[in-house]
Amino acid sequence: MAPNKLKKTTFLLNWYANPYHTPIFVAKKRGFYEEEGIDLAIMETTNPSDVTEIVGSGAADMGLKAMIHILAAKDRGINITSMGALLDEPPTGLIFKKSLGITKFTDIVGKRVGYIGHFGKVMIDDLAKQAGLSPDSYTTVRVGMNVTDAILRGDIDTGIGFTNFQRLELEELSGEPAGMLRIDECNGLGCCCFCSVMFVASDNYFNKNKDTVAAFMRATRRAMDIVIEYPEAAWEDMCIMNPRLRSTKRMVDVEVEVEGKKIKTKVETGSNVYEKIYQRTLPYFSRTLLNVERDWDKDIFYRRAKEVGFRARSAFKLMQLDDQFNLFQNVERAVDLCAAPGSWSQVLSRKLYHNRPIPNVESNSAAEQIRVVSVDLQEMAPIPGVALIQGDITSTKTAEQIISYFHGQKAEIVVCDGAPDVTGVHDIDEYVQSELLLAAMNITTFVLAPGGSFVAKIFRCKHYEFLAAQLNIFFDEVTCAKPQSSRASSNEHFVVCRGFKLPPGYKPVMTSPLLSMYGQPEEMKRDPVLISFLACGDLSCYDEDQ
Ligand SMILES: C[S@@+](CC[C@H](N)C(=O)[O-])C[C@H]1O[C@@H](n2cnc3c(N)ncnc32)[C@H](O)[C@@H]1O
């Protein structure tokens, strides 16, 4: 519910409205700012160099600007504060048609180099100085926002742009491959954090309007979650708000002459360049809106997770298990135990709401079916359509809360990637992990529908056979699997249990010593159960070996 009186707030974009502004327009279109009490007036700039001054002077309340320009503005005495990032480190550099033959920075000799505003010139001259070039060996040309156009018109040979924007635009509009020399590489910096596009306000506005700033960031963050989880729906919102961005691609009938004969055929016309820019921008949207630090040494699954917007690399483990076991067929409701930061919940949300309406989790009305409920001791950031419970999986109250979100119905699958805090003492850690698995099994007996599936992390340890035997009591089929994305060095595995059934006379309990009365039968102690083992994902190797 929007508050009665909205606070008019002005917001100055750093560029004309373009695909990387989608989260702001999604929040505007969906009324998220209004729900936070803000009537946001979104304004475009005609000169990006003006933004820090306009925002710094208080003429606009908030705005967007790249980190490097914010630092430069502060250096010039403009008092602005950045509140977070819209884009994380989009690679930036000199773009050009590949046919120009530029392969290194010194190739700018004899060329016309375009820049957007004064600071761009400083950057080019500085790089040239570092490369030992004399200032008169190349020409700099101020082109403002028209870098691509200036290259296409032949006014400049190369100019500064984003890989996900101007480089792609050049490629699409010229029909030729475009190249780029990354500024960070020319400078030996190792990352493009200085190009991150940040939310800014003047120090004065920020200090006097902290509630409004927080409300603005909350609403934008909500929209960012939608962009990341449902990029197509978000893009449609963006095009409704900015129709000129919509793809004009279509097939038209034409008549052509082939060997003297007229034949009718179809040809493609128009352009979907903005849609492509949007798709190319998705990996750079800041999931948290915080200016997080980057660790470039993280592994291949970490990078891939970032590219597709997952909060953690673990997402791939669940997806690979699904590829192998077809986990979500006929699944209407799912529970994610020990879910934070939420990458498994993201996978569940994407699977279970595919082509289905996403309910408003807050209202929890029976008409709008919630399909995913996630539990963790830690607070989690929202995920569209996922009801979040901050709670303990060993508590009966948590089981009741889960079922109330499902309006009395049970789930067809429960997944658990739970891990306790490690102590470093191997035996204790293994023991506590086993306890957590049994706790997950206990709560599962409350919330899983007969015939349902249970997928949980398990360590191949000395309790393993015992745990597997316990699970066998509750399921028709128990398999142990190792997804390729699970590190080879870890003894982490996953049990995939199908065909849930409560043993006769068993009453779900949370408090008794875990499943003890259904413990290992005598004969199993002599002849342990055999649990089939499957590796899943591409079998070429496990993660660590890549
Ligand atoms: C490895 S993380 C889960 C990662 C998650 N699957 C993902 O993809 O983002 C393990 C989580 O187990 C949670 N956890 C441990 N014990 C718990 C308990 N008793 N109840 C709820 N959550 C618990 C921790 O808080 C931690 O967030």
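Heads up: the structure comes first, above all this text.
Analysis parameters
Residues numbered from 1 in each chain as written. Predicted model: local features only at pLDDT ≥ 70, side-chain atom pairs only at ≥ 80, totals over all residues. Heavy atoms only, no water. Helix = DSSP H or I, 4+ residues; strand = E, 2+ residues; numbered from the N terminus. Buried < 20%, exposed > 50% of the residue type's maximum accessible area, 1.4 Å probe, protein only. Contact = heavy atoms within 4.5 Å. Areas by Shrake-Rupley, 256 points an atom, 1.4 Å probe, with all protein chains shown as cover. Core = buried A, V, L, I, M, F, W, Y, C linked by side-chain atoms within 4.5 Å. Domains from an automatic or database assignment. Salt bridge = Lys/Arg side-chain N within 4 Å of Asp/Glu carboxyl O. Pairing = 2+ DSSP bridges. Axes fitted to C-alpha atoms, helices over the stretch in contact; angles between N-to-C directions. Parallel < 35°, antiparallel > 145°, perpendicular 65-115°, else oblique. Left-handed = near helix turned anticlockwise from the far one by under 90°. Nonpolar A, V, L, I, M, F, W, Y, C, P; charged D, E, K, R; others polar. Near = heavy atom within 4 Å. Polar contact = N/O pair within 3.5 Å; in protein donor to acceptor, adjacent residues only side chain to side chain. Disulfide = S-S within 2.5 Å.

Caption draft 1: View of the overall build of the protein chain. Of the regular secondary structure elements, the protein chain holds 19 helices and 20 strands. Looking at the protein chain residue by residue over its 546 residues, the buried ones come to 51%. Sequence-distant contacts, at least 24 apart, represent 74% of the contacts inside the protein chain between residues at least 6 apart. By element, 51% of the accessible surface of the protein chain is carried by carbon and sulfur atoms, the whole surface being about 25,100 Å².

Caption draft 2: Expanded view of the nonpolar core. Ranked by size, the top nonpolar core spans 69 residues in total, and within it Phe11, Ile24, Leu86, Phe105, Phe199 and Phe216 carry the most contacts. With 10 residues, the single largest contributor to this core is helix H10 (residues 210-229). For this core, the two domains that each supply at least three residues are domain 1 (7-87 + 195-243) and domain 2 (92-191). Apart from residues no more than four positions distant in its own chain, phenylalanine 216 is found in contact with Phe11, Tyr33, Ile38, Leu40, Met62 and Phe199. Core analysis: the next-biggest nonpolar cluster, separate from the first, contains 68 residues, Val361, Ile383, Ala399 and Met441 among them.

Caption draft 3: Main features of the pattern of salt bridges. Applying the stated criterion across every chain, the model contains 28 salt bridges. With a closest N to O distance of 2.9 Å, lysine 276 and glutamate 172 form a salt bridge. Linking lysine 276 in helix H12 (residues 273-281) with glutamate 172 in helix H7 (residues 166-174), this pair joins segments that are 104 residues apart in sequence. Measuring nitrogen to oxygen at the nearest pair gives 3.1 Å for the salt bridge that ties glutamate 332 to arginine 356. Highlighted residues: glutamate 332 in the loop between helix H14 (315-325) and strand S13 (334-337) and arginine 356 in the loop between helix H15 (343-352) and strand S14 (372-376), separated in sequence by 24 residues.

Caption draft 4: Structural view of the sheet that holds strand S1 (residues 7-12). Across the sheet, which stays open at both edges, the five strands sit in the order S2-S1-S3-S10-S4 with mixed pairing between neighbours. The open sheet has two edge strands with one neighbour each: strand S2 (38-43) and strand S4 (80-87). For this sheet, the mean inter-axis angle between neighbouring strands, taken without regard to orientation, is 30°. Strand direction decides the pairing type here: strand S3 (residues 62-66) and strand S10 (residues 197-202), joined by five bridges, are antiparallel. Paired with lysine 65 across the two strands is methionine 198, which belongs to S10. Here helix H1 (residues 22-29) sits on the sheet and contacts S1, S2, S3, S4 and S10; the angle it forms with S2, its principal contact strand, is near 140°. Contacts from helix H4 (residues 67-75) reach S3, S4 and S10 within the one sheet, and its direction differs from that of S3 by about 105°.

Caption draft 5: Fine view of the packing of helix H11 (residues 231-241) against H12. At their nearest, the axes of H11 and H12 sit 11 Å apart, and the two run at 135° to each other. Here H11 is positioned oblique relative to H12, judged by the angle of their axes. In this structure, the crossing between H11 and H12 has a hand that is right-handed. Residue-level contacts link Pro231, Ala234 and Trp235 of H11 to Tyr274, Glu275 and Tyr278 of H12. Across the contact of H11 with H12, the residue classes break down as five nonpolar, no polar and one charged.

Caption draft 6: Up close: the site of the ligand. Close to the ligand lie 18 residues, the nearest being Gly342, Ser343, Asp376, Asp392 and Asp417. Between the ligand and aspartate 376, the relevant distance is 2.6 Å, taken from an oxygen atom to a side-chain nitrogen or oxygen of the residue. Aspartate 392 has a polar side-chain atom sitting 2.9 Å from a nitrogen atom of the ligand. Within the complex, the protein chains bury 86% of what would otherwise be the 610 Å² of accessible surface of the ligand. Residue classes in the shell around the ligand are distributed as nine nonpolar, six polar and three charged.

Caption draft 7: Region of interest: the sheet that holds strand S5 (residues 92-97). Spatially, S7-S6-S8-S5-S9 is the arrangement adopted by the five strands of the open sheet, whose pairing is mixed. The open sheet has two edge strands with one neighbour each: strand S7 (139-142) and strand S9 (178-182). Averaged over all pairs of adjacent strands, the angle between strand axes in this sheet comes to 35°, irrespective of strand direction. Bridge count between S5 and S9: five bridges; the pairing is antiparallel. Note on S9: the bridge partner recorded for isoleucine 95 is methionine 180. Sitting on the sheet, helix H5 (residues 118-130) touches strand S6 (112-115), S7 and strand S8 (158-162), and the angle it makes with S6 is about 140°.

Caption draft 8: View of the side chain of serine 345. Relative to the elements of secondary structure, serine 345 occurs in helix H15. Apart from residues no more than four positions distant in its own chain, serine 345 is found in contact with Asp336, Ala339, Ser374, Met380, Ile383 and Val386.

Caption draft 9: Structural context of H7. Among all positions in H7, only Gln166, Leu168, Glu169 and Leu170 are buried. Where the residues of H7 are buried, they touch S5, helix H6 (147-153), S8, S9 and H12. A positive phi of about 70° marks glycine 175, the residue just after H7.

Caption draft 10: Quick look at the pairing of S8. Burial analysis of S8 places five of its five residues in the buried class, which makes it a mostly covered element. Here S8 shows two buried faces, one formed by Thr158, Ile160 and Phe162 and the other by Gly159 and Gly161. The sheet contact formed by S5 and S8 spans four bridges and is antiparallel. Within S8, the position partnered with threonine 92 by the bridge is phenylalanine 162.

Caption draft 11: Representation of the state of the cysteines in the model. For the structure shown, the criterion picks out zero disulfides. For the unlinked cysteine cysteine 338, the closest cysteine sulfur is that of cysteine 416, found at 4.1 Å. Cysteine 338 gets classed as buried once you look at its relative accessible area, which sits at 17%.

Caption draft 12: Local environment of unusual backbone geometry. Of the consecutive residues alanine 340 and proline 341, the connecting peptide bond is found in the cis state with omega at 5°. Along the chain, the position of proline 341 falls in the loop between S13 and H15. Positive phi, normally seen in glycine, also occurs at leucine 289, with a value near 65°. Examined against the element boundaries, leucine 289 turns out to sit in the loop between H12 and helix H13 (300-307). Positive phi is not limited to glycine here, since asparagine 326 has a value of about 50°. On the basis of relative accessible area, asparagine 326 is assigned to the partly exposed category, the value being 41%.

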